[in-house]
Amino acid sequence: MYGAAGGVLTTDMTLTRWVPDSKVAILTTLMVASTAMNIILSLECAHLRETVRDTQSRRSVPNAKVLSFTARSIDGSTRSFTFPREKMLILYAFSPTCVWSHRNYPNAVSLSKKLGTQADFVAVSLIDNQTLLETYVAEHRCPFSVLFGVTPTLKKDLRMGITPQLLVLSSTGELLKVWSGTFVDKNREEIEAFLHVKI
């Protein structure tokens, strides 16, 4: 309802008041602008997520070759890995305190089983806390070897640091491929295509 002075009469349960046209216009403009900004930000976030995925998929693999390394098991023994060897070695870097490592655990189990005899699958904790690892292994009943205590040099050479992370070493010790993050979307597609398995 319009008033005589070019405003708007608004009626509620208790009173009738007059609101100038300019205030209505400003409020309407702010609402439209806010909606537009939300849409733009949503599109920008989606674009950034896609950019991150593309960057990860195209990132260069470190020019690294491993001759040998050792790691510790939670039972107190030491495992030694030397190259050349009969099969590829798949290193699954994780952290027992990383929420994404916990969420990706079923994918890691599935991959380790699907690989069968074509490669050796070993989980390597980037946190060298035996108590945490013992709890982790007990809770998850890991079907694969869980090791820790690899040298800082190996971590640096292979650029191990993000968890979860999957690293593929050839039978001669050459680093062939690295995937960082959970095994979903593009990571899953690339892992399955490269290793010829279905996670």
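Please refer to the structure higher up on the page.
All values derive from a computational prediction rather than experimental measurement.

## Some remarks on helix 5 (residues 185-195)
Working step 1: Looking only at helix 5, the buried set comprises Asn187, Ile191, Glu192 and Leu195. One side of helix 5 holds all its buried residues, which, seen down the axis, span an arc of 125°. Among the exposed residues of helix 5, those oriented more than 90 degrees off its buried face are Glu189 and Ala193.
Working step 2: Of the surrounding secondary structure, the elements contacted by the buried residues of helix 5 are strand 5 (88-94), helix 2 (99-115), strand 8 (165-169) and strand 9 (175-180).
Working step 3: His196 occupies a position one or two residues after helix 5 and carries a positive phi of about 60°.

## Quick notes on the environment of Val150
Working step 1: If you trace the backbone, Val150 turns up in the loop between strand 7 (145-148) and helix 4 (152-157).
Working step 2: C-alpha separation for the pair Val150 and Val124, spaced 26 residues apart in sequence, amounts to 7.9 Å.
Working step 3: Contacts of Val150, omitting those with residues within four sequence positions, involve Phe69, Thr70, Ala71, Val124 and Lys155.

## Some points on the pattern of salt bridges
Working step 1: All told, the structure shown has four salt bridges when counted by the stated rule.
Working step 2: A salt bridge links Lys198 to Glu192, with the shortest nitrogen-to-oxygen separation between them at 3.7 Å.
Working step 3: Its relative accessible area of 58% is what places Lys198 among the exposed residues.
Working step 4: The class for Glu192 is buried, based on a relative accessible area of 12%.

## Observations regarding a nonpolar patch on the surface
Working step 1: On the surface, Ile26, Leu27 and Leu30 cluster together to form a nonpolar patch covering roughly 310 Å² of accessible area.
Working step 2: Structurally, the position occupied by Leu30 is in helix 1 (residues 21-58).

## Some thoughts on the side chain of Ser95
Working step 1: Looking at the element boundaries, Ser95 is found in the loop between strand 5 and helix 2.
Working step 2: Take Ser95: its relative accessible area is 6%, and that puts it in the buried class.
Working step 3: Among all residues touching Ser95, those that are not within four sequence positions of it are Ser101, Ile127 and Thr163.

## Quick word on helix 3 (residues 130-140)
Working step 1: Restricting attention to buried positions, one finds in helix 3 the residues Leu133, Tyr136, Val137 and His140. All buried residues of helix 3 lie within an arc of 95° about the axis, which places them on one face of the element. Turned more than 90 degrees from where helix 3 packs its buried face, Thr131, Ala138 and Glu139 sit exposed.
Working step 2: Among the structural elements, strand 5, helix 2, strand 6 (119-125) and strand 7 are those in contact with the buried residues of helix 3.
Working step 3: Among the residues of helix 3, the N-terminal cap falls to Asn129, whose side-chain oxygen and the backbone nitrogen of Thr131 are separated by 3.1 Å.
Working step 4: Positive backbone phi, at 50°, marks Arg141, one or two positions downstream of helix 3.

The rules behind the values
- Residues numbered from 1 in each chain as written.
- Predicted model: local features only at pLDDT ≥ 70, side-chain atom pairs only at ≥ 80, totals over all residues.
- Heavy atoms only, no water.
- Buried < 20%, exposed > 50% of the residue type's maximum accessible area, 1.4 Å probe, protein only.
- Helix = DSSP H or I, 4+ residues; strand = E, 2+ residues; numbered from the N terminus.
- Arc of directions from axis to C-beta.
- Contact = heavy atoms within 4.5 Å.
- Salt bridge = Lys/Arg side-chain N within 4 Å of Asp/Glu carboxyl O.
- Patch = residues over 30% accessible without salt bridge, like charges linked within 9 Å, V, L, I, M, F, W, Y side chains within 5 Å.
- Areas by Shrake-Rupley, 256 points an atom, 1.4 Å probe, with all protein chains shown as cover.
- Polar contact = N/O pair within 3.5 Å; in protein donor to acceptor, adjacent residues only side chain to side chain.

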